[in-house]
Amino acid sequence: MIDLGVRGLSGENKIQLAAKFDDFTLAVNLDLPVRGVSVLFGPSGCGKTTVLRAIAGLAPQVRGVVNIAGELWQDEVTFVPSHLRGVGMVFQQPSLFAHLSVAQNLQFGLQRTPESQRRVRYEQALDLLGIAALLPRKPAQLSGGEQQRVAIARALLASPTLLLLDEPLAALDAPRKAELLPYLAQLNRELNIPMVYVTHAMDEVSQLADYLVLMSAGRVIAQGDLASTLARPDLPVQFAEERSTILDTRVVELNADFHLTRLAFGCDGSGGELWVPNKQHQLGQAQRLRIMARDISIATTDEAHSSIVNRLPAQITALLPTTHPAHVLVQMSVHGVTLMAQITALSQARLQLAVGQTVWAQVKAVALL
Ligand SMILES: Nc1ncnc2c1ncn2[C@@H]1O[C@H](COP(=O)(O)OP(=O)(O)OP(=O)(O)O)[C@@H](O)[C@H]1O
């Protein structure tokens, strides 16, 4: 028997799963927040879909405990059937009813939940996913991205307790994907429906996740809130390239002369500022950024003649080893906001960096999310 280690189930979204297939063993223990987007991220075949299917009640061969929002869906003696779990599912392929119009497909979702229990209004779903103009069309008359938006709206209209999304953007080309991502981010902000989202695309993770679960070979390698999980110095080698700082910033200046936008971050925007290329920004707008640890270099003086625009005064708070001995992680505080740079141990020695020292963090590239 597989030891599930089912102990101390105190939180509301506790998921402990175990399964043994031919050459694959799953043993995961998840503690997901009851709000926001939890992303399961990992390489192909690591077990993400199996976890999602088990949460949905579609993988009876996976044993364990599924306890969502205080409701026990599965344990050693209980197995609530899938249709009674109140989950919405969105897959890689939109799976709309081809013979029905968009409006009829949406009605199908709506009718799954009695009126008194509906938490998502029809107009709200149309609006959130921008599909009002598509209502009379049949799925064959929609682009892949439009079909997926309809599929998401249909799932939402059933007012699920939990929305499960299995690589919903994987079948789309880059422009369609870029078109759909903001809709997903908006759903998270506007609706109080927690989502578990499976992907192996890091751009989706950093744009959507509140909580991140890193999986490898049927196991959970790390889990926690997005920013602190991506910043962990002990990320195993297969995730080390993803090490980064996530910054929530606000647009404070639009510079037309150089086509740049100035972003402020930290408490009340007083933590520091970064210039990024213009991208239809609006003053006051919130903007999430991802800065890869390898894209920050360090100088011990203010290199006024450097071409790097973004130089932030910072204090070193920790020097940490990584999984590769050639590299060192330099953790720094910029007015209380933590930034992380990955440099070589050689540079650390040459610059004689030490905890407490004031340095200049030079940001080479910033990904706007
Ligand atoms: N019912 C099953 N019987 C046998 N093996 C299974 C079963 N379900 C899943 N597996 C195996 O479990 C492993 C994990 O599969 P899963 O689809 O969960 O991975 P994944 O991380 O979602 O991969 P991908 O990103 O490619 O979709 C695979 O090796 C798969 O073949």
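Residues numbered from 1 in each chain as written. Predicted model: local features only at pLDDT ≥ 70, side-chain atom pairs only at ≥ 80, totals over all residues. Heavy atoms only, no water.

> Which residues make up the pattern of salt bridges, and what are the values?
Two side chains that carry opposite charge are able to pair once their charged atoms sit near each other. A full pass over the atoms with the stated rule returns 11 salt bridges. A salt bridge links Asp248 to Arg288; its shortest N-O distance comes to 3.4 Å. Taken as a pair, Asp248 in strand S11 (residues 244-255) and Arg288 in strand S14 (residues 286-292) lie far apart in primary sequence, 40 residues in all. Overall, the relative accessible area of 54% leaves Asp248 in the exposed class. Three or more residues joined by partner-sharing salt bridges are found here, namely Arg149, Arg176 and Glu179. (Salt bridge = Lys/Arg side-chain N within 4 Å of Asp/Glu carboxyl O. Helix = DSSP H or I, 4+ residues; strand = E, 2+ residues; numbered from the N terminus. Buried < 20%, exposed > 50% of the residue type's maximum accessible area, 1.4 Å probe, protein only.)

> Let's hear about the domain arrangement of the protein chain: which residues, and what values?
Domain annotation for the protein chain reports domain 1 (13-230) and domain 2 (244-368). Taking the mean C-alpha position of each, domain 1 and domain 2 sit 34 Å from one another. In this complex, domain 1 contributes 9 residues to the contact, which on the side of domain 2 involves 4 residues. A combined buried area of about 520 Å² lies between domain 1 and domain 2, and 49% of that area is made up of carbon and sulfur atoms. On the domain 1 side of the contact with domain 2, Ser206, Ala227 and Leu230 bury the most area, a combined 64% of that side's loss. In this assembly, domain 1 and domain 2 are joined by 0 salt bridges. Linking domain 1 with domain 2 are 3 residue pairs in polar contact (both at pLDDT 80 or more), by the criterion used here. Counting only elements with at least two residues in the side of domain 1 that touches domain 2, the list comes to helix H6 (202-208) and helix H7 (226-230). (Domains from an automatic or database assignment. Contact = heavy atoms within 4.5 Å. Buried area = accessible area lost by both parts, 1.4 Å probe. Polar contact = N/O pair within 3.5 Å; in protein donor to acceptor, adjacent residues only side chain to side chain.)

> Before we move on, can you summarise helix H4 (residues 144-157) with the specific residues and values?
Spanning 14 residues, H4 covers 20 Å between terminal C-alpha atoms, matching the ideal 20 Å at 1.5 Å per step. Of all 14 residues in H4, 12 are buried; the element is thus mostly enclosed. Every buried residue of H4 is accounted for by Gly145, Glu146, Gln148, Arg149, Val150, Ala151, Ile152, Ala153, Arg154, Ala155, Leu156 and Leu157. Looking at the residues trailing H4, positive phi occurs at Ser159, about 50 degrees. (Expected span 1.5 Å × (residues − 1).)

> How would you sum up the sheet that holds strand S16 (residues 310-321)? Please name residues and give values.
Taking strand neighbours across the sheet as the criterion, the 5 strands line up as S15-S19-S16-S17-S18 in an open arrangement whose pairing is antiparallel. Either end of the sheet is taken by a strand with one partner, and the two such strands are strand S15 (296-299) and strand S18 (337-344). For this sheet, the mean inter-axis angle between neighbouring strands, taken without regard to orientation, is 45 degrees. Looking at chain direction, strand S17 (residues 327-334) and S18 are connected through 8 bridges and run antiparallel. For Val330, the partnering residue across the bridge sits in S18 and is Ala341. (Pairing = 2+ DSSP bridges. Axes fitted to C-alpha atoms, helices over the stretch in contact; angles between N-to-C directions.)

> Let's hear about unusual backbone geometry: which residues, and what values?
Non-glycine residue Ala217 carries a positive phi angle of around 45 degrees. Within the secondary structure, Ala217 sits in the loop between strand S9 (211-216) and strand S10 (219-225). In this structure Ala217 comes out as exposed when scored by relative accessible area, which is 57%. One non-glycine residue, His259, lies in the positive phi region at around 60 degrees. Its location among the elements puts His259 in the loop between S11 and strand S12 (260-265).

> Break down the pairing of S18 for me, with residues and values.
Residues in a regular strand point their side chains to alternate faces of the sheet. Most of S18 is tucked away, with 6 of its 8 residues classed as buried. Hairpin connection of S17 to S18: 2 residues between the antiparallel strands, including His335 at a positive phi of 50 degrees.

> So what's going on with the environment of Gln207? Residues and values would help.
Locating Gln207 in the fold gives a position in helix H6. Taking the C-alpha atoms as reference points, Gln207 and Leu184, separated by 23 residues in sequence, lie 9.4 Å from one another.

> Requested: an account of the packing of H4 against helix H5 (residues 174-190), with residues and values cited.
Each pair of packed helices can be summarised by the angle the axes make with each other and by the distance between the axes. Orientation of H4 relative to H5, taken along the N-to-C sense of each, is 20 degrees, at an axis distance of 10 Å. By the angle between their directions, the pair H4 and H5 is classed as roughly parallel. Read as a crossing pair, H4 and H5 show a hand that is right-handed. The residues of H5 that touch H4, namely those facing Gly145, Gln148, Arg149, Ile152 and Leu156, are Arg176, Glu179, Leu180, Tyr183, Leu184 and Leu187. (Parallel < 35°, antiparallel > 145°, perpendicular 65-115°, else oblique. Left-handed = near helix turned anticlockwise from the far one by under 90°.)

> Could you give an account of the site of the ligand, with specific residues and numbers?
Around the ligand, a shell composed of 13 residues is seen, among which Ser44, Gly45, Lys48, Thr49 and Thr50 lie nearest. In this structure, an oxygen atom belonging to the ligand sits 2.8 Å away from a side-chain N or O atom of Thr49. In the complex, 62% of the free accessible area of the ligand, which totals 640 Å², lies under the protein chains. A per-class count over the shell around the ligand returns 4 nonpolar, 7 polar and 2 charged. (Near = heavy atom within 4 Å. Areas by Shrake-Rupley, 256 points an atom, 1.4 Å probe, with all protein chains shown as cover. Nonpolar A, V, L, I, M, F, W, Y, C, P; charged D, E, K, R; others polar.)

> Give a description of the packing of aromatic side chains that names residues and reports values.
Aromatic ring pairs are defined here through the distance separating the ring centres and the angle between the ring planes. Scanning all chains against the criterion turns up 3 aromatic pairs. Ring plane angle 50 degrees and centroid distance 6.0 Å describe the contact between Phe41 and Phe239, whose orientation is recorded as tilted. With a gap of 198 residues between them, Phe41 in strand S3 (residues 37-41) and Phe239 in the loop between H7 and S11 connect regions that are remote in the sequence. Overall, Phe41 belongs to the buried group, its relative accessible area being 6%. Residue Phe239 is classed as buried on the basis of its relative accessible area, which comes to 3%. With a centroid separation of 4.8 Å and 75 degrees between ring planes, the pair formed by Phe97 and Phe108 is classed as edge-to-face. (Phe/Tyr/Trp six-rings, centres within 6.5 Å; stacked < 30°, edge-to-face > 60°.)

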